[in-house]
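Each chain, written out:
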Amino acid sequence: MNYVENILSHASGRKSVSAGEYIEARCDTVLMNDVTGPLAVKEFLKRGKKIKNPGSVVIVCDHFTPNKDIKSAENVKFLRDFARKQKIRFFEIGNGGVEHVILPEKGIVKPGDVVIGADSHTCTYGALGAFSTGVGSTDVAFAMLMGKIWFMVPEVMEFVYSGKKGKFITGKDLILLTIGKIGVNGANYKAMKFAGTVISALSMDERFTMCNMAIEAGGKAGFVVPDKKTADYVKGRPGRKARNFADGPSAQTFKMDISAVKPLVASPHLPDKVGPAARLNKVKIDQAVIGSCTNGRISDFAQAAKIMKGRKISAGLRCIILPGSQEVYAEAMKKGYIETFLKAGCVIAPPTCGPCLGGHMGILAGGETAISTTNRNFVGRMGAVSSRVYLASPYTAAASAVRGRIISPEQL
Amino acid sequence: MKNIIKGNAYVVGDSVDTDVIIPARFLTSDNADELAAHCMEDLDKDFSKKVKKGDIIVAGDNFGCGSSREHAPIAIKASGISAVIAKSFARIFLRNCINIGLMVFVCDMKKDARAGDEITIDMRKGEIINARAKKIYKVKPVPEFIKKIVSFGGLLNYAVQRGR
Ligand code: SF4
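The shown structure was predicted, so the numbers you read here are calculated from the model rather than taken from an experiment.

Q: For this particular structure, what's the right way to read the overall build of chain A?
A: On a plain count of helices and strands, chain A comes out with 14 helices and 18 strands. On the principal axes, the C-alpha backbone points of chain A span a range of 55 × 50 × 40 Å. A total of 412 residues make up chain A; the buried ones form 65% of that total. Taking contacts inside chain A between residues at least 6 apart in sequence as the whole, the part at least 24 apart equals 76%. As displayed, chain A offers around 13,900 Å² of accessible surface, 54% of which is attributable to carbon and sulfur atoms. Seen as two clouds, the 56 positive and the 34 negative side-chain charges of chain A have centres 2 Å apart.

Q: Would you take a moment to explain the sheet that holds strand β3 (residues 83-86) of chain B for this structure?
A: Sheet strands line up and pair through hydrogen bonds in the backbone, either parallel or antiparallel. Residue and element names in this part refer to chain B. With respect to topology, seven strands assemble into an open sheet ordered β4-β3-β2-β1-β5-β6-β7, the strand pairing being mixed. Every other strand in the sheet has two partners, leaving β4 (103-106) and β7 (135-138) as the edge strands with one partner each. Strand-to-strand, the axes of this sheet are offset by a mean angle of 25°, without reference to chain direction. Sheet topology places strand β1 (residues 4-11) next to strand β5 (residues 118-122); five bridges connect them, and they run antiparallel.

Q: Mind showing me how you'd approach the packing of helix α6 (residues 171-182) of chain A against helix α8 (residues 204-212) of chain A here?
A: Packed helices, taken two at a time, are described by the angle between their axes plus the distance between the axes. Residues and elements named next belong to chain A. In contact at an axis separation of 8 Å, α6 and α8 are set at 25° when each is read in the N-to-C sense. As judged from the angle between their axes, α6 and α8 are roughly parallel. Crossing geometry of α6 relative to α8 is assigned as right-handed. On α8, the residues touching Gly171, Lys172, Leu174 and Ile175 of α6 are Glu206, Thr209 and Met210. Looking at side-chain class alone, the contact of α6 with α8 contains three nonpolar, two polar and two charged residues.

Q: How should the interface of chain B and chain A be read in this particular structure?
A: How big an interface is tends to be reported as the loss of accessible area on association of its parts. Counting residues at the interface gives 44 residues for chain B, matched by 49 residues for chain A. The junction of chain B with chain A conceals about 3,900 Å² of combined surface from both sides, 57% of it contributed by carbon and sulfur atoms. Across the pair A:Arg381 and B:Asp19 runs a salt bridge, and its minimum N-O distance is 2.9 Å. Linking chain B with chain A are 20 residue pairs in polar contact (both at pLDDT 80 or more), by the criterion used here. Every element with two or more residues in the side of chain B that touches chain A is listed here: α1 (18-21), α4 (71-78), α5 (91-100), α6 (144-151) and α7 (155-161) of chain B. Here the residues of the side of chain B that touches chain A are counted per class, giving 19 nonpolar, twelve polar and 13 charged.

Q: Hey, could you run me through the sheet that holds strand β3 (residues 57-60) of chain A in this one?
A: All names here are of chain A. One open sheet accounts for five strands, arranged β4-β3-β2-β5-β6; its pairing is parallel. Edge positions in the open sheet fall to β4 (89-91) and β6 (131-134), since each of these has one partner strand only. Each adjacent strand pair in this sheet contributes to an overall mean axis angle of 15°, direction not counted. With three bridges joining them, β3 and β4 adopt parallel strand pairing. Paired with Val60 across the two strands is Phe91, which belongs to β4.

Q: I would appreciate a short explanation of the environment of B:Ala78 in the present structure.
A: All names here are of chain B. For Ala78, the position within the fold is in helix α4. Residue classification places Ala78 among the partly exposed positions, given a relative accessible area of 33%. When the C-alpha atoms of Ala78 and Ile92 are compared, they prove to be 19 Å apart, with 14 residues separating the residues in sequence. Those residues in contact with Ala78 that sit more than four places away from it in its chain are Ala32 and Ala36.

Q: Just checking my understanding: could you explain the site of the ligand for this structure?
A: Residues and elements named next belong to chain A. In the vicinity of the ligand there are 13 residues, among which His121, Cys293, Cys353, Cys356 and Asn375 approach most closely. For the shell around the ligand, the secondary-structure elements that each account for two or more residues are α4 (99-105) and α10 (292-295). Classifying every residue of the shell around the ligand gives five nonpolar, five polar and three charged. Two domains each provide a minimum of three residues to the shell around the ligand, namely domain 1 (3-255) and domain 2 (264-411).

About the thresholds
Residues numbered from 1 in each chain as written. Chains lettered and ligands numbered in written order. Predicted model: local features only at pLDDT ≥ 70, side-chain atom pairs only at ≥ 80, totals over all residues. Heavy atoms only, no water. Helix = DSSP H or I, 4+ residues; strand = E, 2+ residues; numbered from the N terminus. Buried < 20%, exposed > 50% of the residue type's maximum accessible area, 1.4 Å probe, protein only. Contact = heavy atoms within 4.5 Å. Areas by Shrake-Rupley, 256 points an atom, 1.4 Å probe, with all protein chains shown as cover. Lys, Arg positive; Asp, Glu negative; His and termini not counted. Charge placed at Lys NZ, Arg CZ, Asp CG, Glu CD. Pairing = 2+ DSSP bridges. Axes fitted to C-alpha atoms, helices over the stretch in contact; angles between N-to-C directions. Parallel < 35°, antiparallel > 145°, perpendicular 65-115°, else oblique. Left-handed = near helix turned anticlockwise from the far one by under 90°. Nonpolar A, V, L, I, M, F, W, Y, C, P; charged D, E, K, R; others polar. Buried area = accessible area lost by both parts, 1.4 Å probe. Salt bridge = Lys/Arg side-chain N within 4 Å of Asp/Glu carboxyl O. Polar contact = N/O pair within 3.5 Å; in protein donor to acceptor, adjacent residues only side chain to side chain. Near = heavy atom within 4 Å. Domains from an automatic or database assignment.

Structure representation (structure tokens):
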């Protein structure tokens, strides 16, 4: 059995499972947010009174928070009251941030865990070696009632990266490269395993970025088999101990030498329309967004600050910085990144999803163009139907913000 | 459960994502009728006016990709759409459809389909007929486990009737 099959056989109490089988598995963590939570809770309350395993359930309000209007405030209030009654963990603005940034930070997800979340980017936690996947609100209601969930055991599609990473090449570039190669449904139903010497050397933050975007290739999950870096990340954080599982062969393997890869950008309106940033120099941008569950961690801001230090963003452009959590925000202040961004002319938003999903705090007007470190560039994702979003790394987004056009950080 | 679904085709392309099925600006509500009023708005602003009860969406690859918002299949169902047929579905969307009881069929028939074609889905035979195109297609069989959930009328009914 491979890593995923080992986790799922343990979680389903079976001796062995294999790809294609339908199983019911225990969930260590069940996540919902202010968009998917109200629906899940309403469905739950039609059929149950008490959550089967309250310790597993987590609510993070991040999409429309700090609440953008009365309806979103009512939704959060509804969830807050539910959380109090059920005695489950609830992350309020002020102690939280974007769900997929804070769960690992707070020690809620550990290697070997099974995690479901009513949010498609729940696949992020695969970076910790969890089996972690996005589901819908009804699935979360079911998990609250039953303490478990059904899965089809996925096949593993392995990506092995070798070679020497070029200057300014980040986890974001590697995942864009991969999505560009296999397409937006290239990994549909599969678990994407990221491996090879390049991944071993990659920081945890960048592993989170890569696993985060597994869903953009249709992946059910993305994961990195835990190593010393994973253990170091987990050390000192509260919560459960890590569970160790062995790995085995994958159904498919793709090998990539990344030595020649240059900073990449995904053009509108699909994340697989990937090409070199340096070929998009004609694209003028109105807004840059740096943050989100994809690239809202401390090393992402370190990269952006490195570019912006002593520089100013282009006149007439807006640059929005979205720290992924309170912890990241505090760290970015301490390291002087926030000051760098302020001096460069950026605006600092609170930890929120905000513009990433066209929610609030940076919506695009008709015909406007943004470069963003987020994960989706669908039609209307950040605002008006005629607006356009280009996806890139923090280096590339920051360099483009300085120039006012899309450029590769090498061109600055 | 009925064995025959009949309706007129509403044809869309590949990778229709949940952001265009129901844009985030409407996600402060989970009321089915409110969601239906804005269904597919960013792809076709007249969708909610055009669509008639019983219509069938016929799509290409990767239908429903993107966000896990269950608001997307809820909006489609509440618009009166009786079934979605696609060459392939994105995983979370498919799961959500099964869970809420929106009928979905995996079948590669978009290439010959035109808007308004009369489509007949025969579930017993596992066939879909496009009368105008004079074509009969086989539906990809549904796994037993999924059939069980659907036969209970969705995931939560399955949970309750199984006696938790
Ligand atoms: S930051 Fe964007 S992609 Fe991540 S959870 Fe929030 S809305 Fe979703």
